[in-house]
Amino acid sequence: MAKTIIISNRLPVKIHQDNHGLTLTPSAGGLATGLGSIYKQGNNLWVGWPGLFLHSEEDQKKVTAELRKESMVPIFLHKEHIKKYYEGFSNSTLWPLFHYYPQLTEYNTEDWEAYVEVNNIFCTEILKHAEPDDTIWVHDYQLLLLPEMLRKALPKASIGYFHHIPFPSYEIFRLLPWREPLVNGLLGADLIGFHTFDDMRHFLSTVSRTTGLDHEMGHFKHQGRFITVDAFPMGIDYEKYASSVTTEAVQKERKRFLSSTGNQRLILSIDRLDYTKGIPERIIAFDQLLTQFPEYRQKVSLILLVVPSRDTVTNYTHLKEELELLVGRINGKYGNLEWTPVHFFYRALPFNQLSALYSISDIALVTPLRDGMNLVCKEFVASKTDRKGVLVLSEMAGAAKELTEALIINPNDQEALVQSMRQALEMPLEEQALRLGEMQKTLQRYTIHRWVEVFMERLRYTKESQANFRAKILGRRMQQEISDEFHTAQKRLLLLDYDGTLRSFTQRPTDAKPDAKLREILRELAENPLNHVVIISGRDRRFLTKWLGDLNVGFVAEHGAWIKQENQEWHTIASMPQEWKQEILPMLEYYVDRTPGSLIEHKDYSLVWHFRKSEHGLGEMRARELVSNLQYLTGNMDIQVLEGNKVIEIKNAGINKGRASMNFVDWIKPDFILAIGDDWTDEDTFKSLPDDAYTIKVGNADSAAKFKLKSVDEVLHFLIKLTDMGNEKQSVA
Ligand code: GDG
């Protein structure tokens, strides 16, 4: 049976080795808890570095055997690997750059080479355990190349990737000399997840700009696969924090802390040692608070817990020294025998003490300069079961998108930091309860367990869509079947969409004229008296008449507003009111002014705003805005807003390609129907035709069509086959 393999740089375990042997302590961190529901089941595994260097084969075997009991597989790395791949490329190149610190970013080729090498080592080890149909979930920025490496060896596997840190704007990402291999590395995954929509949006634009691939609503088509990009804000083990407060062990720690802090009001700061967390800025702001508001002296203390981390990287050693200096300075300046302004702990505390700190603190000061999510603020909120306490939260933390009832501040604004501490210290209990209550509801709903479920569900869904897509692809055998039926039929109706189906898109819609090859194929089809060819389009009558009017074909123009049978005049389906255009037009003109490259097309029954030529991203953003404005403005008008491929079309309701197509079905009474289209306006055609019609969607989006072809070229190729294969001209003649 297919299994699931979790992969991260570090295994969720601490291994201690002394004369008595090995001791394994599984990590109780949030991610390990959340993923516990997966990797401990059945044959599932977690693969990663065990956190220690073992050179003898015997030691490695022992550790491997012990870890295997916990469903873990170790990757043994050398000191040199860790120095270059982990401390170097991961933590001195990617980490600073992704957190918007280009000035701290090191560009070192040797580190890059080690990064490639270690990603390869991971891949080789995983391939010893993985089967072709397994699900593999890769975690974080140390392993950006791994999805592609795995994909090459396991083309059918479900591969997910989650990025725990921010994904920067392309303007920052592009600084990396290795930006292309890094992006391609990630595109090996089927699902790529981020904490926030902003990270996701930055990634989407980075992919487009680095590789030229365009996405459709967060989906890329790459090497015959769909790749889904989505936001999954990570939650915490809510129950663990909420229920621990009343346990005896935590109550004991609470008493111990309170006996030394007395009646002080407590502000809490907890982070790993990292320059992205804004710790010095926080101490300086606390100093300011005591300077500007002397009434808080002797009454408020800051508990500063800094967990040692990466202290072999130079920037981190400097930071530690800076913190010691700042804490020393403020304690020297204000402290006395009865009161210590800042209680500084430079160590990791056991969970019970951490939980006690959350519960005794009045305020949590979580003010990172940049943070992917930040779980500390969520843990603080969950621990406040008595609903007393205030969270001051940086807008630069991913969590700020969810915890909107916190006091949200810009961590670079020192005055705002001081004022928010004051506001928090003075906040009425009722307001504290109200804010915490709302935030607790959010966190209770989207826990770490739900996060894992949602990610895995989405990965399954992505894989299924890929399979559905593959299943619908119109292969050779089916093409032959359709062709055979076509040739035995006597009245064939061919409903062919124009743009994106018979002709590729061009920057200016008027440039998409039919070329000689297309005209030849259509002529060939149309000349056969058994065939009834209808060109169905969103375009107006004039365009279709001008470029295709000499052919013996029928037309549907403006998405069904106008119809023309072979050798007959144009007529409209019904008379439609047009007054709405006067109201909508000024708004479209306003969007043309604001969106360079966009233009308005006037049709008899519709207005179209085209943005194909606009700057990538800007057009899409304006389109979203325009659609929502239009929906508001057109609430009581009988019109429809259609979102097409780089176009927004506003037209009278009740007109659609499906209704128009059915007119031809009624007139011709065909014994063979083929409909081909690429746009979602063609879905109306696919849905309204009888069950035995052959319907073909061009492209990869979801569709009601029975089959899919990948491109305009494939459509033309298929149509040529239909024309070449028949000899009916002679038999009819
Ligand atoms: C990265 C991203 C993203 C802290 N001190 C102690 C202790 N902790 C635990 C906390 C919390 C965790 O460490 C810290 O998590 P954060 O999310 O706040 O920050 P990073 O370590 O930078 O994590 C971050 C995260 O990945 C998840 O995707 O949110 O943005 O940078 O759980 O409780 N635990 C114990 N003792 C301590 O002294 N036991």
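Basis of the calculations
- Residues numbered from 1 in each chain as written.
- Predicted model: local features only at pLDDT ≥ 70, side-chain atom pairs only at ≥ 80, totals over all residues.
- Heavy atoms only, no water.
- Helix = DSSP H or I, 4+ residues; strand = E, 2+ residues; numbered from the N terminus.
- Contact = heavy atoms within 4.5 Å.
- Areas by Shrake-Rupley, 256 points an atom, 1.4 Å probe, with all protein chains shown as cover.
- Pairing = 2+ DSSP bridges.
- Axes fitted to C-alpha atoms, helices over the stretch in contact; angles between N-to-C directions.
- Patch = residues over 30% accessible without salt bridge, like charges linked within 9 Å, V, L, I, M, F, W, Y side chains within 5 Å.
- Salt bridge = Lys/Arg side-chain N within 4 Å of Asp/Glu carboxyl O.
- Lys, Arg positive; Asp, Glu negative; His and termini not counted.
- Charge placed at Lys NZ, Arg CZ, Asp CG, Glu CD.
- Buried < 20%, exposed > 50% of the residue type's maximum accessible area, 1.4 Å probe, protein only.
- Phe/Tyr/Trp six-rings, centres within 6.5 Å; stacked < 30°, edge-to-face > 60°.
- Lys NZ or Arg CZ within 6 Å of the ring centre and 35° of its normal.
- Near = heavy atom within 4 Å.
- Polar contact = N/O pair within 3.5 Å; in protein donor to acceptor, adjacent residues only side chain to side chain.
- Nonpolar A, V, L, I, M, F, W, Y, C, P; charged D, E, K, R; others polar.
- Domains from an automatic or database assignment.
- Expected span 1.5 Å × (residues − 1).
- Bend = angle between axes of the 7 residues up to and from the residue.
- 1 Å grid on protein atoms, 1.4 Å probe; cavity = no way out; pocket = protein on both sides within 12 Å on 5 of 7 lines; lining within 4 Å.
- Points joined across faces, edges and corners; volume = space filled by probe spheres on them.
- Right-handed = clockwise from strand over helix to strand, strands pointing away.

K.L.:
Mind showing me how you'd approach the overall build of the protein chain here?
P.N.:
Each helix and strand counted, the protein chain has 26 helices and 28 strands in total. With the C-alpha coordinates aligned to their principal axes, the bounding extent of the protein chain is approximately 110 × 65 × 45 Å. Excluding contacts between residues fewer than 6 apart, the proportion of contacts in the protein chain whose partners are at least 24 apart in sequence is 71%. A total of about 31800 Å² of accessible surface is found on the protein chain, and carbon and sulfur atoms cover 50% of it.

K.L.:
Hey, could you run me through the sheet that holds strand S23 (residues 606-610) in this one?
P.N.:
Sheets are built from strands paired through backbone hydrogen bonds, the pairs being either parallel or antiparallel. Ordered in space as S22-S23-S25-S24, the 4 strands form an open sheet in which the pairing is antiparallel. Here the strands that pair on one side only, and so sit at the sheet edges, are strand S22 (599-602) and strand S24 (639-643). Direction aside, the axes of adjacent strands within the sheet are offset by 15° on average. Contacting S22, S23, S24 and strand S25 (647-652), helix H21 (residues 580-594) crosses the sheet at an angle of about 5° to S23. Against the sheet, helix H22 (residues 618-633) engages S23, S24 and S25, with an angle of about 20° to S25.

K.L.:
It is not clear to me how a negative patch on the surface should be interpreted in this structure. Could you clarify?
P.N.:
On the surface, a cluster of negative charge is made up of Glu 481, Asp 484, Glu 485, Asp 671, Asp 691 and Asp 692. Considering the arrangement of structural elements, one finds Asp 692 in the loop between helix H24 (683-688) and strand S27 (694-698). Under the relative-accessibility criterion, Asp 692 is labelled exposed at 59%.

K.L.:
Looking at this structure, how should I read the packing of aromatic side chains?
P.N.:
Geometrically, a pair of aromatic rings is defined through the distance of the ring centres and the angle of the planes. Going through the model one piece at a time under the given rule, you end up with 34 aromatic pairs. Between Phe 162 and Trp 451, the ring centres sit 4.9 Å apart and the planes meet at 90°, which makes this aromatic pair edge-to-face. Of this pair, Phe 162 sits in strand S7 (residues 158-162) while Trp 451 sits in helix H17 (residues 448-472), and the two are 289 residues apart along the sequence. Seen from their ring centres, Phe 486 and Phe 672 are 5.4 Å apart, and the 80° between their planes marks the pair as edge-to-face. On the criterion of sequence distance, the pair formed by Phe 486 in helix H18 (residues 476-488) and Phe 672 in strand S26 (residues 672-677) is long-range, its members being 186 residues apart. Summarising the burial analysis for this pair, Phe 486 and Phe 672 share the class buried. Following the ring pairs from residue to residue traces out a cluster consisting of Tyr 85, Phe 89, Trp 112, Tyr 115 and Trp 178. Directly above the aromatic system of Phe 486 lies the positively charged group of Arg 492, at a separation of 4.3 Å from the ring centroid. Its guanidinium or amino end placed over the ring of Trp 562, Arg 541 lies 3.7 Å from that ring's centre, counting from NZ or CZ.

K.L.:
Even after reading the chapter, I still don't get the site of the ligand, so can you show me in this structure?
P.N.:
Of all residues adjacent to the ligand, which total 21 residues, the nearest are His 164, Leu 349, Asp 371, Met 373 and Glu 379. Interatomic distance of 3.0 Å between a side-chain N/O atom of Lys 277 and an oxygen atom of the ligand. In this structure, an oxygen atom belonging to the ligand sits 2.5 Å away from a side-chain N or O atom of Glu 379. Taken by itself the ligand offers 740 Å² of open surface, and the protein chains cover 81% of this. Those elements that place two or more of their residues in the shell around the ligand are strand S11 (265-272), strand S12 (300-307), helix H13 (351-360) and helix H14 (376-383). Split by residue class, the shell around the ligand holds 13 nonpolar, 4 polar and 4 charged.

K.L.:
I tried to follow the environment of Gly 372 on my own but got confused; where do I start?
P.N.:
Relative to the helices and strands, Gly 372 is located in the loop between strand S14 (363-366) and H14. Placed 118 residues apart in sequence, Gly 372 and Gln 490 show a C-alpha to C-alpha distance of 64 Å. Ignoring anything within four residues of it in the chain, the contact list for Gly 372 reads His 164, Ile 165, Pro 166, His 195, Thr 196 and Gly 398.

K.L.:
Is there a simple way to explain the domain arrangement of the protein chain in this structure?
P.N.:
Often, the extent of an interface is quoted as the loss of accessible area upon association of its parts. Under the domain assignment, the protein chain is made up of domain 1 (4-75 + 133-231), domain 2 (239-440), domain 3 (476-573 + 655-732) and domain 4 (581-652). Here the C-alpha centre of domain 4 lies 41 Å away from the C-alpha centre of domain 1.

K.L.:
Where do I start with the side chain of Lys 657 in this structure?
P.N.:
Positionally, Lys 657 belongs in helix H23 (residues 657-668). Side chain to side chain, Lys 657 and Asp 497 meet in a polar contact 3.1 Å long. Of note is the side chain of Lys 657, whose polar atom sits 3.1 Å from the side chain of Thr 681. Excluding anything up to four places from it in sequence, Lys 657 contacts Asp 497, Ile 536, Ser 537, Gly 538, His 559, Thr 681, Asp 682, Asp 684 and Thr 685.

K.L.:
How do you make sense of helix H3 (residues 79-98) when you look at a structure like this?
P.N.:
Structural remark: α-helix, 3.6 residues per turn; residues separated by three or four positions point the same way. Compared with the 28 Å implied by 1.5 Å per residue over 20 residues, the 25 Å span of H3 between its first and last C-alpha is markedly short. Maximum bend of H3: about 35°, positioned at Ser 90. For H3, the tally of buried residues reaches 15 of 20 residues, placing the bulk of the element in the interior. Backbone geometry just after H3 places Tyr 100 at a positive phi near 65°.

K.L.:
What is the right way to read the environment of Leu 354 from this model?
P.N.:
Turning to its location among the elements, Leu 354 is positioned in helix H13. Spatially, the C-alpha atom of Leu 354 lies 9.2 Å from that of Ile 270, the residues being 84 residues apart in sequence. Each residue touching Leu 354, except ones within four places of it in the same chain, is listed here: Ile 270 and Leu 305.

K.L.:
What should I look at first to understand empty space enclosed by the protein in this one?
P.N.:
Empty pockets left among the atoms are what a rolling probe the size of a water molecule brings to light. All chains considered together, the criterion is met by 6 cavities of 30 Å³ or more. Estimates place the volume of the largest cavity at around 380 Å³. Lining the largest cavity are 25 residues, and of these Asp 499, Phe 505, His 610, Val 647 and Asp 679 lie nearest its centre. Of the residues belonging to the lining of the largest cavity, the class tally is 6 nonpolar, 8 polar and 11 charged. A domain-level breakdown of the lining of the largest cavity finds at least three residues from each of domain 3 (476-573 + 655-732) and domain 4 (581-652).

K.L.:
Looking at this model, I keep getting lost on the pairing of strand S17 (residues 492-497). Mind explaining?
P.N.:
Taken residue by residue, a regular strand's side chains alternate between the two faces of the sheet. The element S17 is largely enclosed, with a buried count of 6 among its 6 residues. Covered by surrounding structure in S17 are Arg 492, Leu 494 and Leu 496 together with Leu 493, Leu 495 and Asp 497, the residues of both alternating faces. Handedness of the S17-helix H19 (residues 516-527)-strand S18 (residues 531-536) crossover: right-handed. Inspection of the sheet shows S17 paired to S26 by 5 bridges, in the parallel sense. When the sheet's bridge partners are listed, Leu 495 is paired in S26 with Ala 675.

K.L.:
In this structure, what is going on with the sheet that holds strand S9 (residues 219-222)? I would like to understand it.
P.N.:
One open sheet accounts for 8 strands, arranged S5-S4-S1-S6-S7-S8-S10-S9; its pairing is mixed. At either margin of the open sheet sits one strand with a lone partner, and together these are strand S5 (72-74) and S9. Sheet twist, expressed as the mean angle between neighbouring strand axes with direction ignored, is 20°. The pairing of strand S1 (residues 4-10) with strand S4 (residues 45-49) spans 4 bridges and is classified as parallel. Looking at the pairing, Ile 6 lines up with Trp 46 of S4. Each of S4 and S5 is contacted by helix H2 (residues 57-69), which is oriented at about 160° to S5, the strand it contacts most. Contacting S1, strand S6 (135-139), S7 and strand S10 (225-231), helix H5 (residues 146-153) runs over the sheet at an angle of about 175° to S7.

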